[in-house]
Amino acid sequence: MTDQAPEGQTQAAQTQAGQPQATQPQAAQAAQVQAQTTGRSSDEELLAQLGYTQVLARRMSAFSNYAVSFTIISVLSGCLTLYLFGMNTGGPAVITWGWVVVGLMTLLVGLSMAEICSAYPTSAGLYFWAHRLAPPRSAAAWAWFTGWFNVLGQVAVTAGIDFGAASFLGAYLNLQFGFVVTPGRTVLLFSAILLLHGLLNTFGVRIVAFLNSVSVWWHVLGVAVIVAALALVPDRHQSTSFVFTRFVNNTGWGSGTYVVLLGLLMAQYTFTGYDASAHMTEETHDASTAGPQGIVRSIWTSWIAGFVLLLGFAYAIQDYGRELASPTGAPPAQILLDALGATAGKLLLLVVIGAQLFCGMASVTANSRMIYAFSRDGALPFSRLWHTVSPRTRTPVAAVWLAALGALALGLPYLINVTAYAAVTSIAVIGLYIAYVIPTLLRVRKGAAFARGPWHLGRWSRAVGVVSVAWVGVITVLFMLPQLSPVTWDTFNYAPVAVLVVLGFAAAWWLASARHWFLAPPAPGAHQPTPAPDPAAP
């Protein structure tokens, strides 16, 4: 261990992100105003004011920024991959009403984040926000732990998305080719999907950007087609009373209230990953407006699309017990088959799998940008490697593969633990939402001293922030609790263990070394480099 800043930390980060001087927020705010009127070059100037040199290619439009977050939320991924969990943990009533309540609370969390994103549009995202909003003497510590929670959540959500895609792909292969689904084979499919997404993000950068835009329409049209088919084709549908009031408890717990609260995980896990719009701001034009708009728009459009999708599946349930015990391991696949017939059911299952693959691809992209930014400030082991950028594609290739390997590691316990997938989703929610809410908490404490960007909540800022902090406090505790009874090695929720391991490592490194150099004040005479030109510029 050493007390010196690692070489991976940029001079700009040391200079500007180190000590929040009184003039820095004012300068950043002035640059944000200028960004609205002067266009592309002002994005780079604002980034320099925030302490970083433009390195990544700034190619994304506001729609592309939104598309990444919408794709990662992916109602066709989150809602359906945890549908089995929802059917056992509360049933249709909790699936339906849980989506409404969680969607509203998530929108409040997203509004609070968007306001901060507008003030600080950088790929560093949440941990940079925490650094700028915290008291100067503790700013680096707040940033350090926010960043580590964000990394944990990003890796876990990538694991959750691609593992869900592997489960649904296994279900399709079972139906079409008699593929026997086992934990080992599911993990192999999971590994193959991660490999595909790593390769796409390494060699197909422009393809990834195009596919993210295609993904928005794939999701919208996919939801429309699936719901229309489920509404029009089946001879019978469940009653409205069944959809909105039928409660099912297959968890082993006796408390209905406890089961209802646990059942919120399905919706809350789906509403993750929208911080991607913040992490992509260094690649987005007019970032101080496009970034926050991407966060908020991705949430409310997903809220509507997801509600329609869940209603479609709940009304189309033909035999609850049969579909819950489907040999495919994926109840939504069985619902499609029972309601629509084999041919139509399989075709629409392919639509779902396609959406999940889009989602995982975008998650690896956003995850790698977070790893790139955090290692740029020296906060990860071997940071010099993780923040290297390909001279050909101007993307952080090493960070892409670290994201994929980290996700694989979180999915491997499925080989021995039947609740591993639910645990991974819990880790994603806990890690991400703690990172989401820390900057909001600090912004609420800062009050009127917060220098707003061009996109803000006005007089509603504090009220929305307080509710957001309270909600995240509840779900953080909730999703660490046991999900099945009795609690055994096979049913143990290992989410608290994963969180504590990462938190313990981060705390030990902080105390031993990082507190002396992470985002430290600049040395006398430190020089801030000039932003690099974008070779893609016309």
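Located above this text is the structure these notes cover.
Residues numbered from 1 in each chain as written. Predicted model: local features only at pLDDT ≥ 70, side-chain atom pairs only at ≥ 80, totals over all residues. Heavy atoms only, no water.

> Explain the packing of aromatic side chains here, please?
Given two aromatic rings, one states the distance between the centres and the angle between the planes to describe the pair. Under the counting rule described, the total for this entry stands at 32 aromatic pairs. Ring plane angle 20° and centroid distance 6.3 Å describe the contact between phenylalanine 63 and tryptophan 217, whose orientation is recorded as stacked. Of this pair, phenylalanine 63 sits in helix α4 (residues 62-73) while tryptophan 217 is found in helix α11 (residues 205-232), placing the two residues 154 residues apart along the sequence. Using a relative accessible area of 31% as the deciding quantity, one classes phenylalanine 63 as partly exposed. (Phe/Tyr/Trp six-rings, centres within 6.5 Å; stacked < 30°, edge-to-face > 60°. Helix = DSSP H or I, 4+ residues; strand = E, 2+ residues; numbered from the N terminus. Buried < 20%, exposed > 50% of the residue type's maximum accessible area, 1.4 Å probe, protein only.)

> Just checking my understanding: could you explain helix α19 (residues 342-376) for this structure?
Its 35 residues give α19 an end-to-end C-alpha distance of 51 Å, which sits within 8% of 51 Å, the value for a rise of 1.5 Å per residue. Counting buried positions along α19 yields 29 of 35 residues, so the element is predominantly enclosed. Once α19 ends, the next one or two residues include glycine 378, with phi positive near 75°. (Expected span 1.5 Å × (residues − 1).)

> Is there a simple way to explain the pattern of salt bridges in this structure?
Side chains bearing opposite charge may pair, as long as their charged atoms lie close to each other. For the structure on display, the rule yields 5 salt bridges. Residue arginine 443 is joined to glutamate 115 by a salt bridge in which the shortest nitrogen-to-oxygen separation is 3.2 Å. In this pair, arginine 443 is assigned in helix α22 (residues 420-446) and glutamate 115 in helix α7 (residues 91-119), connecting sequence segments 328 residues apart. This pair shows no difference in class: arginine 443 is buried, exactly as glutamate 115 is. With a closest N to O distance of 3.0 Å, arginine 376 and glutamate 282 form a salt bridge. Highlighted residues: arginine 376 in helix α19 and glutamate 282 in the loop between α15 (276-279) and α16 (287-316), separated in sequence by 94 residues. We note that arginine 376, like glutamate 282, is buried. The network of salt bridges with common partners includes Glu115, Arg443 and Arg452. (Salt bridge = Lys/Arg side-chain N within 4 Å of Asp/Glu carboxyl O.)

> Teacher, can you tell me more about a nonpolar patch on the surface here?
A surface patch of nonpolar side chains, about 400 Å² in accessible area, is lined by Phe63, Trp217, Val220 and Leu221. For valine 220, the position within the fold is in helix α11. (Patch = residues over 30% accessible without salt bridge, like charges linked within 9 Å, V, L, I, M, F, W, Y side chains within 5 Å. Areas by Shrake-Rupley, 256 points an atom, 1.4 Å probe, with all protein chains shown as cover.)

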